[in-house]
Amino acid sequence: MSRIYLDYNATTPLAPKVIAALEPFLRDGFGNPSSLHWAGIPARDAVEQARCQVAALLRCDATELVFTSGGTEANNYALKGAFFSQSLRKDRPHFIITQIEHPAVTEPCRFLECLGAEVTHIRVDGCGRVDPDDVRRAIRPGTVLVSVMHANNEVGTIQPIETLARIAREHEVLMHTDAAQTVGKILVDVESLGVDLLTIAGHKLYAPKGVGALYVREGVELEPLLHGAAHEAGRRGGTENVLEIVGLGAACDLAKQWVDDPGLARLRDHFWQSLKKRFGERVVLNGHPEHRLPNTLNVSFRGLVGSEILARMPEVAASTGSACHAGSIEMSPVLKAMGVSEAVGLGAVRFSLGRESTIAEVECVIEHLSNCLDQVQASK
Ligand SMILES: Cc1ncc(COP(=O)(O)O)c(C=O)c1O
(Lines give C-alpha, C1' and ligand atoms only; values in the text may rest on other atoms or scores of the structure.)
Protein backbone atom coordinates (compact mmCIF):
# COMPACT_ATOMS: atom_id res chain seq x y z
CA MET A 1 0.00 0.00 0.00
CA SER A 2 1.21 3.50 -0.73
CA ARG A 3 1.86 5.95 2.03
CA ILE A 4 -0.81 8.40 3.18
CA TYR A 5 -0.08 11.74 4.81
CA LEU A 6 -2.79 12.99 7.17
CA ASP A 7 -0.65 15.16 9.43
CA TYR A 8 -1.07 18.58 7.84
CA ASN A 9 -1.40 20.28 11.25
CA ALA A 10 2.17 19.14 11.97
CA THR A 11 3.47 20.53 8.70
CA THR A 12 2.65 20.82 5.00
CA PRO A 13 4.69 20.14 1.87
CA LEU A 14 5.76 23.13 -0.21
CA ALA A 15 3.08 24.01 -2.78
CA PRO A 16 4.47 23.77 -6.36
CA LYS A 17 3.73 27.49 -6.88
CA VAL A 18 5.70 28.27 -3.72
CA ILE A 19 8.69 26.28 -5.03
CA ALA A 20 8.46 28.13 -8.35
CA ALA A 21 8.36 31.50 -6.57
CA LEU A 22 11.37 30.90 -4.37
CA GLU A 23 13.57 29.08 -6.88
CA PRO A 24 15.11 32.22 -8.45
CA PHE A 25 16.23 33.26 -4.97
CA LEU A 26 18.30 30.08 -4.64
CA ARG A 27 20.44 31.33 -7.51
CA ASP A 28 20.57 34.86 -8.92
CA GLY A 29 18.39 36.59 -6.35
CA PHE A 30 21.04 36.39 -3.66
CA GLY A 31 21.33 40.12 -2.92
CA ASN A 32 21.06 41.60 0.54
CA PRO A 33 17.75 43.50 0.71
CA SER A 34 19.48 46.31 2.58
CA SER A 35 21.98 46.90 -0.27
CA LEU A 36 21.19 49.83 -2.53
CA HIS A 37 22.63 48.32 -5.75
CA TRP A 38 21.52 46.07 -8.61
CA ALA A 39 21.70 42.91 -6.47
CA GLY A 40 20.02 44.32 -3.38
CA ILE A 41 17.11 46.21 -4.95
CA PRO A 42 15.31 43.13 -6.42
CA ALA A 43 15.73 41.32 -3.09
CA ARG A 44 14.17 44.28 -1.24
CA ASP A 45 11.34 44.39 -3.81
CA ALA A 46 10.72 40.66 -3.30
CA VAL A 47 10.55 41.03 0.49
CA GLU A 48 8.14 43.95 0.21
CA GLN A 49 5.99 42.14 -2.35
CA ALA A 50 5.77 39.16 0.02
CA ARG A 51 4.79 41.50 2.84
CA CYS A 52 1.93 42.82 0.69
CA GLN A 53 0.84 39.25 -0.13
CA VAL A 54 0.69 38.31 3.57
CA ALA A 55 -1.09 41.59 4.35
CA ALA A 56 -3.68 40.91 1.63
CA LEU A 57 -4.52 37.54 3.21
CA LEU A 58 -4.83 38.99 6.73
CA ARG A 59 -6.43 42.21 5.47
CA CYS A 60 -3.97 44.42 7.33
CA ASP A 61 -1.46 47.04 6.28
CA ALA A 62 1.88 45.66 5.06
CA THR A 63 3.69 47.94 7.54
CA GLU A 64 2.00 46.05 10.39
CA LEU A 65 3.87 42.81 9.62
CA VAL A 66 7.22 41.71 11.01
CA PHE A 67 8.78 38.61 9.45
CA THR A 68 10.10 36.06 11.93
CA SER A 69 11.71 32.62 11.90
CA GLY A 70 8.31 30.99 12.45
CA GLY A 71 5.39 30.67 14.84
CA THR A 72 7.53 30.11 17.92
CA GLU A 73 9.48 33.32 17.40
CA ALA A 74 6.33 35.30 16.62
CA ASN A 75 4.73 34.12 19.89
CA ASN A 76 7.92 34.86 21.84
CA TYR A 77 8.07 38.32 20.29
CA ALA A 78 4.43 39.07 21.19
CA LEU A 79 4.73 37.92 24.81
CA LYS A 80 8.26 39.05 25.68
CA GLY A 81 7.93 42.22 23.60
CA ALA A 82 4.80 43.19 25.55
CA PHE A 83 6.46 42.29 28.86
CA PHE A 84 9.57 44.38 28.21
CA SER A 85 7.59 47.37 26.92
CA GLN A 86 5.23 47.31 29.91
CA SER A 87 7.35 46.05 32.81
CA LEU A 88 8.59 49.53 33.66
CA ARG A 89 5.01 50.79 33.86
CA LYS A 90 3.39 47.88 35.66
CA ASP A 91 4.54 46.52 38.97
CA ARG A 92 3.79 42.83 38.37
CA PRO A 93 2.85 42.50 34.70
CA HIS A 94 0.00 40.01 34.41
CA PHE A 95 -0.67 37.77 31.41
CA ILE A 96 -3.75 35.69 30.65
CA ILE A 97 -3.45 32.54 28.53
CA THR A 98 -5.47 29.30 28.35
CA GLN A 99 -4.75 25.81 29.63
CA ILE A 100 -4.43 24.51 26.07
CA GLU A 101 -1.91 26.88 24.49
CA HIS A 102 0.99 25.54 22.43
CA PRO A 103 4.38 25.34 24.23
CA ALA A 104 5.43 28.28 22.04
CA VAL A 105 3.15 30.34 24.33
CA THR A 106 3.34 28.47 27.63
CA GLU A 107 7.15 28.30 27.73
CA PRO A 108 7.79 32.03 27.13
CA CYS A 109 5.18 32.66 29.84
CA ARG A 110 7.00 30.33 32.21
CA PHE A 111 10.20 32.27 31.48
CA LEU A 112 8.44 35.60 32.09
CA GLU A 113 7.24 34.28 35.45
CA CYS A 114 10.92 33.94 36.41
CA LEU A 115 11.28 37.64 35.58
CA GLY A 116 8.37 38.61 37.84
CA ALA A 117 5.34 38.29 35.57
CA GLU A 118 2.16 36.60 36.77
CA VAL A 119 0.27 34.28 34.45
CA THR A 120 -3.34 33.11 34.73
CA HIS A 121 -4.29 29.94 32.84
CA ILE A 122 -7.97 30.05 31.83
CA ARG A 123 -9.80 26.72 31.80
CA VAL A 124 -11.58 25.35 28.75
CA ASP A 125 -14.82 23.35 28.50
CA GLY A 126 -15.22 19.76 27.33
CA CYS A 127 -15.02 20.88 23.69
CA GLY A 128 -11.87 22.95 24.27
CA ARG A 129 -13.57 26.39 24.24
CA VAL A 130 -12.85 29.27 26.56
CA ASP A 131 -15.71 31.09 28.30
CA PRO A 132 -15.20 34.84 27.58
CA ASP A 133 -16.60 35.65 31.02
CA ASP A 134 -13.70 33.75 32.60
CA VAL A 135 -11.29 36.00 30.70
CA ARG A 136 -13.25 39.11 31.71
CA ARG A 137 -13.10 38.06 35.37
CA ALA A 138 -9.35 37.36 35.19
CA ILE A 139 -8.44 40.85 33.92
CA ARG A 140 -7.06 43.11 36.67
CA PRO A 141 -5.22 46.46 36.83
CA GLY A 142 -1.78 44.91 36.10
CA THR A 143 -2.95 42.86 33.11
CA VAL A 144 -0.79 43.52 30.05
CA LEU A 145 -1.95 40.97 27.52
CA VAL A 146 -4.43 38.20 26.81
CA SER A 147 -3.11 35.44 24.53
CA VAL A 148 -5.58 32.84 23.29
CA MET A 149 -4.85 30.59 20.33
CA HIS A 150 -7.16 31.03 17.36
CA ALA A 151 -7.52 27.26 16.89
CA ASN A 152 -6.00 24.41 18.79
CA ASN A 153 -3.45 22.28 16.93
CA GLU A 154 -4.62 18.96 18.44
CA VAL A 155 -8.42 19.11 18.46
CA GLY A 156 -8.94 22.04 16.07
CA THR A 157 -11.35 23.92 18.36
CA ILE A 158 -11.73 27.55 17.26
CA GLN A 159 -11.93 30.16 20.03
CA PRO A 160 -14.30 33.17 20.18
CA ILE A 161 -11.45 35.59 19.45
CA GLU A 162 -13.71 38.50 18.37
CA THR A 163 -15.47 38.46 21.76
CA LEU A 164 -12.21 38.07 23.68
CA ALA A 165 -10.60 40.93 21.76
CA ARG A 166 -13.60 43.16 22.51
CA ILE A 167 -13.26 42.40 26.22
CA ALA A 168 -9.50 43.05 26.12
CA ARG A 169 -10.02 46.36 24.34
CA GLU A 170 -12.68 47.48 26.85
CA HIS A 171 -10.05 46.99 29.58
CA GLU A 172 -7.17 48.53 27.54
CA VAL A 173 -5.33 45.21 27.52
CA LEU A 174 -3.47 43.88 24.46
CA MET A 175 -4.97 40.89 22.65
CA HIS A 176 -2.72 38.33 20.96
CA THR A 177 -3.80 35.25 19.10
CA ASP A 178 -1.62 32.40 17.90
CA ALA A 179 -3.14 31.81 14.48
CA ALA A 180 -0.49 29.28 13.37
CA GLN A 181 -3.23 26.71 12.74
CA THR A 182 -5.88 28.95 11.17
CA VAL A 183 -4.10 31.12 8.61
CA GLY A 184 -4.61 29.40 5.26
CA LYS A 185 -7.37 27.11 6.60
CA ILE A 186 -10.12 29.59 7.46
CA LEU A 187 -10.61 33.29 6.83
CA VAL A 188 -8.39 35.24 9.20
CA ASP A 189 -9.14 38.95 9.06
CA VAL A 190 -7.32 40.92 11.74
CA GLU A 191 -9.82 43.79 11.56
CA SER A 192 -12.88 41.66 12.21
CA LEU A 193 -11.03 39.61 14.83
CA GLY A 194 -10.05 42.89 16.51
CA VAL A 195 -6.69 41.58 17.76
CA ASP A 196 -3.55 43.65 18.35
CA LEU A 197 -1.06 40.86 17.67
CA LEU A 198 -1.38 37.70 15.55
CA THR A 199 1.07 34.89 14.87
CA ILE A 200 1.57 33.11 11.53
CA ALA A 201 3.70 29.99 10.90
CA GLY A 202 4.67 29.46 7.24
CA HIS A 203 5.06 25.70 7.26
CA LYS A 204 1.43 25.19 8.24
CA LEU A 205 0.28 26.75 4.97
CA TYR A 206 2.53 25.22 2.30
CA ALA A 207 5.42 27.68 2.78
CA PRO A 208 8.88 26.60 4.01
CA LYS A 209 9.71 25.77 7.62
CA GLY A 210 11.57 28.47 9.52
CA VAL A 211 9.53 31.46 8.41
CA GLY A 212 6.54 33.22 9.91
CA ALA A 213 5.30 36.65 10.83
CA LEU A 214 3.79 38.64 13.64
CA TYR A 215 1.01 41.09 12.86
CA VAL A 216 1.49 44.13 15.11
CA ARG A 217 -1.41 46.57 15.00
CA GLU A 218 -0.22 50.09 14.19
CA GLY A 219 0.63 51.98 17.38
CA VAL A 220 1.24 48.88 19.54
CA GLU A 221 4.54 49.20 21.38
CA LEU A 222 6.59 46.02 21.40
CA GLU A 223 10.21 45.78 22.47
CA PRO A 224 12.16 43.82 19.81
CA LEU A 225 13.15 40.27 20.61
CA LEU A 226 16.31 40.49 18.50
CA HIS A 227 18.29 43.69 18.83
CA GLY A 228 20.60 44.48 15.95
CA ALA A 229 20.60 46.62 12.84
CA ALA A 230 17.41 48.41 11.80
CA HIS A 231 15.89 45.58 9.80
CA GLU A 232 12.12 45.19 9.67
CA ALA A 233 11.73 48.91 10.42
CA GLY A 234 13.81 48.48 13.59
CA ARG A 235 11.59 45.71 14.93
CA ARG A 236 13.83 42.68 14.29
CA GLY A 237 17.58 42.79 13.78
CA GLY A 238 19.06 40.42 11.21
CA THR A 239 19.22 40.25 7.42
CA GLU A 240 15.85 39.12 6.12
CA ASN A 241 15.48 35.47 5.05
CA VAL A 242 14.56 36.51 1.50
CA LEU A 243 14.10 33.00 0.11
CA GLU A 244 11.63 31.88 2.74
CA ILE A 245 9.85 35.21 3.00
CA VAL A 246 9.19 34.98 -0.75
CA GLY A 247 7.84 31.46 -0.12
CA LEU A 248 5.54 32.73 2.64
CA GLY A 249 4.23 35.49 0.36
CA ALA A 250 3.48 33.02 -2.44
CA ALA A 251 1.76 30.63 0.01
CA CYS A 252 -0.44 33.44 1.34
CA ASP A 253 -1.34 34.38 -2.22
CA LEU A 254 -2.44 30.79 -2.86
CA ALA A 255 -4.28 30.56 0.46
CA LYS A 256 -6.58 33.41 -0.59
CA GLN A 257 -8.07 31.08 -3.20
CA TRP A 258 -8.46 28.26 -0.68
CA VAL A 259 -9.94 29.64 2.49
CA ASP A 260 -13.56 29.67 1.30
CA ASP A 261 -13.44 26.19 -0.25
CA PRO A 262 -15.88 23.89 1.62
CA GLY A 263 -14.28 20.72 0.15
CA LEU A 264 -11.98 20.03 3.08
CA ALA A 265 -14.72 20.19 5.72
CA ARG A 266 -16.85 17.91 3.55
CA LEU A 267 -14.06 15.35 3.34
CA ARG A 268 -13.44 15.57 7.09
CA ASP A 269 -17.16 15.08 7.81
CA HIS A 270 -17.30 12.11 5.45
CA PHE A 271 -14.33 10.64 7.35
CA TRP A 272 -16.10 11.09 10.70
CA GLN A 273 -19.45 9.70 9.48
CA SER A 274 -17.69 6.66 8.02
CA LEU A 275 -15.81 6.06 11.29
CA LYS A 276 -19.07 6.31 13.23
CA LYS A 277 -20.78 3.88 10.88
CA ARG A 278 -17.92 1.39 11.10
CA PHE A 279 -16.99 1.61 14.79
CA GLY A 280 -20.16 2.94 16.48
CA GLU A 281 -19.75 3.71 20.17
CA ARG A 282 -16.12 2.59 20.12
CA VAL A 283 -15.11 5.91 18.54
CA VAL A 284 -15.47 9.37 20.11
CA LEU A 285 -14.95 12.82 18.59
CA ASN A 286 -12.61 15.16 20.51
CA GLY A 287 -13.03 18.90 20.06
CA HIS A 288 -15.95 21.13 19.19
CA PRO A 289 -18.54 19.67 16.82
CA GLU A 290 -18.98 22.99 14.97
CA HIS A 291 -16.33 25.52 15.96
CA ARG A 292 -13.52 23.41 14.59
CA LEU A 293 -10.86 23.64 11.86
CA PRO A 294 -12.23 22.27 8.56
CA ASN A 295 -9.31 19.86 8.21
CA THR A 296 -9.03 18.45 11.74
CA LEU A 297 -10.50 15.20 13.01
CA ASN A 298 -9.32 14.13 16.45
CA VAL A 299 -10.94 10.86 17.45
CA SER A 300 -10.49 8.46 20.35
CA PHE A 301 -10.79 4.72 20.17
CA ARG A 302 -12.16 3.76 23.59
CA GLY A 303 -9.92 1.57 25.70
CA LEU A 304 -7.06 1.63 23.14
CA VAL A 305 -3.82 3.61 22.93
CA GLY A 306 -3.44 6.05 20.04
CA SER A 307 0.30 5.50 19.58
CA GLU A 308 -0.23 1.72 19.42
CA ILE A 309 -2.89 2.14 16.74
CA LEU A 310 -0.55 4.30 14.64
CA ALA A 311 2.34 1.88 15.17
CA ARG A 312 0.21 -0.86 13.57
CA MET A 313 -0.35 1.20 10.43
CA PRO A 314 3.05 2.74 9.65
CA GLU A 315 2.01 3.71 6.12
CA VAL A 316 -0.32 6.32 7.59
CA ALA A 317 1.22 9.54 8.90
CA ALA A 318 -1.05 10.95 11.61
CA SER A 319 -0.35 11.98 15.17
CA THR A 320 -1.34 11.53 18.77
CA GLY A 321 -0.98 14.03 21.57
CA SER A 322 -0.13 11.38 24.12
CA ALA A 323 3.47 11.10 25.25
CA CYS A 324 5.52 8.26 26.63
CA HIS A 325 7.28 9.19 29.88
CA ALA A 326 9.45 6.70 31.76
CA GLY A 327 7.69 3.74 30.17
CA SER A 328 4.13 4.87 30.91
CA ILE A 329 1.89 6.61 28.42
CA GLU A 330 0.42 9.93 29.42
CA MET A 331 -2.54 11.46 27.67
CA SER A 332 -2.30 14.79 25.92
CA PRO A 333 -2.40 17.81 28.27
CA VAL A 334 -4.93 19.40 25.90
CA LEU A 335 -7.40 16.52 26.32
CA LYS A 336 -6.68 16.46 30.05
CA ALA A 337 -7.54 20.17 30.29
CA MET A 338 -10.78 19.42 28.41
CA GLY A 339 -11.70 16.92 31.12
CA VAL A 340 -11.51 13.88 28.80
CA SER A 341 -11.21 10.63 30.79
CA GLU A 342 -8.00 8.55 30.55
CA ALA A 343 -9.84 5.63 28.94
CA VAL A 344 -10.87 7.92 26.08
CA GLY A 345 -7.92 10.33 26.01
CA LEU A 346 -5.20 7.71 25.66
CA GLY A 347 -6.89 6.36 22.54
CA ALA A 348 -6.78 9.71 20.70
CA VAL A 349 -5.49 10.00 17.16
CA ARG A 350 -5.37 13.27 15.22
CA PHE A 351 -5.99 13.11 11.50
CA SER A 352 -5.41 16.45 9.80
CA LEU A 353 -6.27 16.72 6.13
CA GLY A 354 -4.69 18.92 3.48
CA ARG A 355 -5.14 20.17 -0.04
CA GLU A 356 -3.90 16.90 -1.53
CA SER A 357 -6.10 14.64 0.63
CA THR A 358 -8.60 12.46 -1.22
CA ILE A 359 -11.64 10.38 -0.41
CA ALA A 360 -9.72 7.26 -1.55
CA GLU A 361 -7.06 7.99 1.09
CA VAL A 362 -9.67 8.45 3.79
CA GLU A 363 -11.35 5.18 2.86
CA CYS A 364 -8.02 3.37 2.85
CA VAL A 365 -7.24 4.68 6.36
CA ILE A 366 -10.61 3.42 7.61
CA GLU A 367 -9.76 -0.06 6.27
CA HIS A 368 -6.42 0.09 8.05
CA LEU A 369 -8.09 1.14 11.28
CA SER A 370 -10.57 -1.68 10.97
CA ASN A 371 -7.79 -4.28 10.53
CA CYS A 372 -5.81 -2.72 13.30
CA LEU A 373 -8.72 -2.77 15.77
CA ASP A 374 -9.42 -6.41 14.89
CA GLN A 375 -5.76 -7.26 15.58
CA VAL A 376 -5.80 -5.44 18.92
CA GLN A 377 -9.05 -7.18 19.90
CA ALA A 378 -7.60 -10.59 18.95
CA SER A 379 -4.42 -9.96 20.95
CA LYS A 380 -6.37 -9.20 24.17
C1 LIG B 1 -0.59 26.49 17.49
C2 LIG B 1 0.86 26.52 17.15
N3 LIG B 1 1.60 27.56 17.55
C4 LIG B 1 2.91 27.65 17.27
C5 LIG B 1 3.55 26.66 16.57
C6 LIG B 1 5.04 26.79 16.32
O7 LIG B 1 5.30 27.20 15.01
P8 LIG B 1 6.76 26.99 14.39
O9 LIG B 1 6.90 25.52 14.19
O10 LIG B 1 6.71 27.74 13.09
O11 LIG B 1 7.73 27.56 15.32
C12 LIG B 1 2.83 25.55 16.14
C13 LIG B 1 3.51 24.44 15.43
O14 LIG B 1 3.32 23.28 15.71
C15 LIG B 1 1.45 25.47 16.43
O16 LIG B 1 0.70 24.44 16.05
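Going by the structure above, here's the rest.
Rules used throughout
Residues numbered from 1 in each chain as written. Predicted model: local features only at pLDDT ≥ 70, side-chain atom pairs only at ≥ 80, totals over all residues. Heavy atoms only, no water. Helix = DSSP H or I, 4+ residues; strand = E, 2+ residues; numbered from the N terminus. Contact = heavy atoms within 4.5 Å. Pairing = 2+ DSSP bridges. Axes fitted to C-alpha atoms, helices over the stretch in contact; angles between N-to-C directions. Near = heavy atom within 4 Å. Polar contact = N/O pair within 3.5 Å; in protein donor to acceptor, adjacent residues only side chain to side chain. Areas by Shrake-Rupley, 256 points an atom, 1.4 Å probe, with all protein chains shown as cover. Nonpolar A, V, L, I, M, F, W, Y, C, P; charged D, E, K, R; others polar. Core = buried A, V, L, I, M, F, W, Y, C linked by side-chain atoms within 4.5 Å. Buried < 20%, exposed > 50% of the residue type's maximum accessible area, 1.4 Å probe, protein only. Domains from an automatic or database assignment. Disulfide = S-S within 2.5 Å.

S.K.: Quick one: what's the story with the environment of Thr120, residue by residue and with numbers?
M.R.: Mapped onto the elements, Thr120 comes out in strand S4 (residues 118-122). Among all residues touching Thr120, those that are not within four sequence positions of it are His94, Phe95, Ile96, Ile97 and Ala138.

S.K.: Describe the sheet that holds strand S14 (residues 348-352), and please don't skip the residues or the numbers.
M.R.: Taken in spatial order, the three strands line up as S9-S10-S14 in an open sheet, and their pairing is antiparallel. Among the strands making up the open sheet, the edge pair consists of strand S9 (283-286) and S14. Direction aside, the axes of adjacent strands within the sheet are offset by 30° on average. Across four bridges, the pairing between S9 and strand S10 (residues 296-301) is antiparallel. The residue of S10 that forms the bridge with Leu285 is Val299. Its contacts with the sheet place helix H10 (residues 263-279) against S9, S10 and S14, and it is angled at close to 15° to S10.

S.K.: So what's going on with the site of the ligand? Which residues, and what values?
M.R.: For the ligand, the set of nearby residues contains 13 residues, the closest of which are Gly71, Thr72, Asp178, Gln181 and Lys204. Between the ligand and Asp178 there is a distance of 2.6 Å, counted from a nitrogen atom to a side-chain nitrogen or oxygen. Considering the ligand on its own, with 390 Å² of exposed area, one finds that the protein chains cover 85% of that surface. In terms of residue count, helix H3 (residues 71-86) provides more of the shell around the ligand than any other element does, three residues in total. In terms of residue class, the shell around the ligand is built from three nonpolar, eight polar and two charged.

S.K.: Break down the nonpolar core for me, with residues and values.
M.R.: Here is a general trend for soluble globular proteins: nonpolar side chains tend to be buried in one another's company. In this structure, Leu58, Met175, Val183, Val195, Leu198, Leu205 and Leu248 are the most contacted members of the largest nonpolar core, which totals 72 residues. Formed jointly, this core draws a minimum of three residues from each of two domains, domain 1 (16-258) and domain 2 (261-379). If we skip the residues at most four places from it in the chain, Leu205 touches Thr12, Leu57, Val183, Gly184, Ile200, Leu248, Ala251, Cys252 and Ala255. Core analysis: the second largest hydrophobic core is formed by 28 residues, Ile4, Phe271, Trp272 and Val299 among them.

S.K.: Mind laying out the state of the cysteines, listing which residues take part and the relevant values?
M.R.: By the definition in use, this model includes zero disulfides. The structure places no disulfide on Cys252, whose sulfur is separated from the nearest cysteine sulfur, that of Cys60, by 9.8 Å. Since its relative accessible area comes to 0%, Cys252 is described here as buried.

S.K.: Now, about the sheet that holds strand S2 (residues 65-68): what can you tell me, with residues and values included?
M.R.: In spatial order, the strands read S2-S8-S7-S6-S5-S3-S4; together these seven strands make up an open sheet with mixed pairing. Either end of the sheet is taken by a strand with one partner, and the two such strands are S2 and S4. Shown here is a sheet whose adjacent strand axes are inclined to one another by a mean of 20°, direction ignored. With five bridges joining them, strand S7 (residues 197-201) and strand S8 (residues 212-216) adopt antiparallel strand pairing. Each bridged residue has a counterpart across the sheet, and for Ile200 the counterpart in S8 is Ala213. Seen against the sheet, helix H2 (residues 40-58) touches S2, S7 and S8 and runs at an angle of roughly 115° to S2.

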